[in-house]
Amino acid sequence: MTTSRPKRLTEAKARAIADTVQLVKSASWSTTSEWNATADDGTVLVVVTPSYGGASRSGRNGWTYYLPALGPSGSRDRWPTRQEAATQGLMAWMRWATAAR
């Protein structure tokens, strides 16, 4: 039986992949304002999205992320910058990639 879930990575391998990541505008940036944390091989590990609403219900109030491998129901936490959201997303990706299968 085969599964679509990738093999578990060692912590060293996951860290090596994360060290190559660059934060770049997504192909749909002009309409979504999303950014991708992309590894050297082109794999999108984390999608960083603007967060809107909050107490005032108007305007952007930070950034959040999700792991494409798990779908867009990612973190509900917000960070003030897209770089901080990407960092938190990469830490979540590393936990996911190294978790026991």
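Cut-off values and rules
Residues numbered from 1 in each chain as written. Predicted model: local features only at pLDDT ≥ 70, side-chain atom pairs only at ≥ 80, totals over all residues. Heavy atoms only, no water. Helix = DSSP H or I, 4+ residues; strand = E, 2+ residues; numbered from the N terminus. Buried < 20%, exposed > 50% of the residue type's maximum accessible area, 1.4 Å probe, protein only. Polar contact = N/O pair within 3.5 Å; in protein donor to acceptor, adjacent residues only side chain to side chain. Expected span 1.5 Å × (residues − 1). Contact = heavy atoms within 4.5 Å. Phe/Tyr/Trp six-rings, centres within 6.5 Å; stacked < 30°, edge-to-face > 60°. Lys NZ or Arg CZ within 6 Å of the ring centre and 35° of its normal. Pairing = 2+ DSSP bridges. Axes fitted to C-alpha atoms, helices over the stretch in contact; angles between N-to-C directions.

Novice: Looking at this structure, how should I read the side chain of Thr 64?
Specialist: Within the fold, Thr 64 resides in strand 4 (residues 60-66). Residue classification places Thr 64 among the buried positions, given a relative accessible area of 12%. Looking at Thr 64, its side chain comes within polar contact range of the main-chain oxygen of Asp 77, at 3.0 Å.

Novice: Which parts of the structure should I look at to understand helix 3 (residues 82-98)?
Specialist: Note that an α-helix has 3.6 residues per turn; residues three or four places apart therefore point the same way. Taking 1.5 Å per residue as the helical rise, helix 3 with its 17 residues ought to reach 24 Å, and the 24 Å between its terminal C-alpha atoms agrees with that figure. Of the residues making up helix 3, those classed as buried are Ala 85, Ala 86, Gly 89, Leu 90, Ala 92, Trp 93, Met 94, Trp 96, Ala 97 and Thr 98. Taken together, the buried residues of helix 3 touch helix 1 (11-18), strand 1 (22-25), strand 3 (44-52) and strand 4.

Novice: Looking at this structure, how should I read unusual backbone geometry?
Specialist: Residue Ser 33 is not a glycine yet carries a positive backbone phi of 60 degrees. Note on placement: Ser 33 falls in the loop between helix 2 (29-32) and strand 2 (35-38).

Novice: Mind showing me how you'd approach the packing of aromatic side chains here?
Specialist: Aromatic ring pairs: the centre-centre distance and the angle between the two ring planes describe each pair. As enumerated under the stated definition, the model contains 1 aromatic pair in all. The ring of Trp 29 is capped by Lys 25, whose NZ or CZ atom sits 3.9 Å from the centre of that ring.

Novice: What am I meant to see in the sheet that holds strand 3 here?
Specialist: Picture the strands of a sheet paired through backbone hydrogen bonds; they go either parallel or antiparallel. Taking strand neighbours across the sheet as the criterion, the 4 strands line up as 1-2-3-4 in an open arrangement whose pairing is antiparallel. Each edge of the open sheet carries a strand with a single partner, namely strand 1 and strand 4. Along the sheet, successive strands turn relative to each other by an average axial angle of 25 degrees, direction set aside. Note that strand 1 and strand 2 share 4 bridges and pair antiparallel. For Leu 23, the partnering residue across the bridge sits in strand 2 and is Ala 37. Each of strand 1, strand 2, strand 3 and strand 4 is contacted by helix 3, which is oriented at about 135 degrees to strand 3, the strand it contacts most.

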